[in-house]
Amino acid sequence: MKLKFYSPNQIWFIILSLTLDFCQGSKDASYYYAIEKGDYPFLVLLKVKTSSDGVQFGNGCLMSLSWVLSLSCLLYKATKEPPTPDAEVSVFAGLVSMKDTGSAPSRRAIRIVPDELVSSNQCKNGPCLVLLQLESAFLENNWIRPAALNSGMLSAESQLVGWAWDLDVKNNFSRAVSLKVASLSTAKCHDKYKVVHCKREMCAYETDELPLTVREGALLVDNGYLTALKYEDTNVLSPKSTFIIITIRLYWFISWIQYYVVDDIPKTSFIETNNTEDDLFHPPRFNKRSKSLNASVKLNAYLAYTVTVVIIQLMQQWTSAAMLQHLVWHH
């Protein structure tokens, strides 16, 4: 008989679950990590009509009050074909529970703009984003507000925000949740773990081993700024024995997003941290710039010195010639 050992985090979660279940009645796992309205006002719920006339739900993010960012693969899985203008997509905003879809503000997508990878039919093999233009703008309030983008670095710990997914029964929970994640060096993920294949991809992992996660398109938020979208789960274990996840870093897509979202161009901020696992802005890159700067300063100093010496010599020659001419004139 093989014994199963639990980590301290799992034991804590089991005790917490039993305690709260006893005090408040039966609650699913998402209850303990649920977010409140207004915590992440840019998180939206997508409802996509499938090829079999059913519906699938997914994560999305408000880039402005009339544009939403998501994964094209979400639409592909629902419709069994690359995203087309005929896809039927509804967007719900200002809610944290699927039970509120009947009363939450919603808009229909009237235009679908895939990034260049989808245009070249590569969305089944690589991470691809899609922008959805809505039929009319949402009204901004405390629960509905566009996201600001992080064009800089990632902290050691961030939040993965999205609609919860039950790992045990493979089904949606009814709540939006926030889970702690830690970043992993992209170079390490490529060389050691073999899970990233291009510069757009970035690794992270949940810091606690839980019976739930968030699905594709969930938002990786750092210091309140949208930094990446979750692309897929892997079967590779992280240093915390949780599975590594792949995300799409939005740093590479900011220009594309701002090109289309012209009604209210998303704000960006360069977040600077001391996270050594974030190698998009690797220290040697800055060191190289410093050396280049030092070389430039040295070159300018050398040129200034050379010009000064030449001018002094010319002035001495001119002074000598003037004095000689003065002596000749008086004689």
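For the structure itself, consult the block above.
Quick caveat: nothing in here was measured; it's all calculated off a predicted structure.

J.: Please explain the overall build of the protein chain as it appears in this structure.
T.: The number of helices and strands found in the protein chain is 6 helices and 15 strands. A buried classification covers 45% of the 331 residues belonging to the protein chain. Excluding contacts between residues fewer than 6 apart, the proportion of contacts in the protein chain whose partners are at least 24 apart in sequence is 67%.

J.: Is there a simple way to explain the sheet that holds strand 4 (residues 89-93) in this structure?
T.: Strand pairing in a sheet takes place through backbone hydrogen bonds and is either antiparallel or parallel in direction. Read around the barrel, 6 strands follow the order 1-2-3-6-5-4 and close on themselves; strand pairing throughout is antiparallel. Taken over all neighbouring pairs, the strand axes of this sheet differ in orientation by 40 degrees on average, direction set aside. Sheet topology note: the strand 1 (residues 43-49)/strand 4 ladder contains 5 bridges and is antiparallel. If you follow lysine 47 over to strand 4, its bridge partner there is serine 90.

J.: What is the right way to look at the state of the cysteines in this model?
T.: Simply put, the disulfide is a covalent bond whose two ends are the sulfur atoms of two cysteines. Following the criterion strictly, the structure yields 1 disulfide and no others. For cysteine 189, the disulfide goes to cysteine 203, at an S-S distance of 2.2 Å. Placement of cysteine 189 in helix 4 (residues 186-191) and of cysteine 203 in strand 10 (residues 201-206) is noted, with a sequence separation of 14 residues between them. Each member of the pair, cysteine 189 as well as cysteine 203, is classed as buried. The thiol sulfur of cysteine 198 is not disulfide-bonded, and the nearest other cysteine sulfur, from cysteine 128, lies at 9.5 Å.

J.: I'm lost on the nonpolar core in this one. Help?
T.: The nonpolar side chains of a soluble globular protein tend to be buried with one another. Grouped together as the largest cluster of nonpolar side chains are 65 residues, with contacts concentrated most on Met63, Leu69, Leu129, Leu132 and Leu226. With sequence-adjacent residues up to four places away left out, leucine 132 is seen in contact with Leu46, Ser66, Trp67, Val68, Leu75, Val89, Ala109, Arg111 and Ile112. Core analysis: the second largest hydrophobic core is formed by 17 residues, Tyr32, Val177, Leu179 and Ala218 among them.

J.: So what exactly am I meant to see when it comes to the packing of aromatic side chains here?
T.: Counting across every chain of the model gives 5 aromatic pairs. Their ring planes at 90 degrees and their centres at 4.9 Å tell us that tyrosine 251 and tryptophan 252 sit as a pair that is edge-to-face. Judged by its relative accessible area of 26%, tyrosine 251 is partly exposed. Ring centres 6.4 Å apart and planes at 70 degrees place the aromatic pair tryptophan 256 and tyrosine 260 in the edge-to-face group. Taken as a pair, tryptophan 256 and tyrosine 260 lie in helix 5 (residues 254-260) at a separation of 4 residues, close to a single helical turn. Judged by relative accessible area, which is 13%, tryptophan 256 ranks as buried. An aromatic cluster is present here, built from Phe253, Trp256, Tyr259 and Tyr260 joined pairwise through their rings.

J.: Quick question: what am I supposed to make of the pairing of strand 14 (residues 243-249) here?
T.: Remember that side chains alternate between the two faces of the sheet whenever the strand is regular. Counting buried positions along strand 14 gives 6 out of 7 residues, so the element sits mostly inside the fold. Both strand 10 and strand 14 contribute to a ladder of 5 bridges, which runs antiparallel. Along strand 14, the bridge assignment pairs glutamate 201 with isoleucine 248. Bridge count between strand 13 (residues 225-237) and strand 14: 6 bridges; the pairing is antiparallel. Bridge pairing in strand 14 links aspartate 233 to isoleucine 245.

J.: Please explain the pattern of salt bridges as it appears in this structure.
T.: Tallied over the entire structure, the rule returns 8 salt bridges. A salt bridge links arginine 108 to glutamate 135, with the shortest nitrogen-to-oxygen separation between them at 3.7 Å. Of this pair, arginine 108 sits in strand 5 (residues 106-114) while glutamate 135 sits in the loop between strand 6 (129-134) and strand 7 (149-150), placing them 27 residues apart in sequence. In this structure arginine 108 comes out as partly exposed when scored by relative accessible area, which is 47%. Shared partners join several salt bridges into a network, and the residues in it are Lys49, Asp53 and Glu88.

J.: Before we go on, may I ask you to explain the pairing of strand 8 (residues 157-166) in this structure?
T.: Burial of strand 8 is extensive: 8 of the 10 residues sit out of reach of the surface. Two elements, strand 8 and strand 12 (residues 219-222), share 3 bridges in a ladder whose sense is antiparallel. Each residue of the ladder has a partner; that of leucine 160, found in strand 12, is leucine 220. Pairing between strand 8 and strand 11 (residues 212-214): 3 bridges, direction antiparallel. Looking at strand 11, one finds that alanine 164 is bridged to valine 214.

About the thresholds
- Residues numbered from 1 in each chain as written.
- Predicted model: local features only at pLDDT ≥ 70, side-chain atom pairs only at ≥ 80, totals over all residues.
- Heavy atoms only, no water.
- Helix = DSSP H or I, 4+ residues; strand = E, 2+ residues; numbered from the N terminus.
- Buried < 20%, exposed > 50% of the residue type's maximum accessible area, 1.4 Å probe, protein only.
- Contact = heavy atoms within 4.5 Å.
- Pairing = 2+ DSSP bridges.
- Axes fitted to C-alpha atoms, helices over the stretch in contact; angles between N-to-C directions.
- Disulfide = S-S within 2.5 Å.
- Core = buried A, V, L, I, M, F, W, Y, C linked by side-chain atoms within 4.5 Å.
- Phe/Tyr/Trp six-rings, centres within 6.5 Å; stacked < 30°, edge-to-face > 60°.
- Salt bridge = Lys/Arg side-chain N within 4 Å of Asp/Glu carboxyl O.

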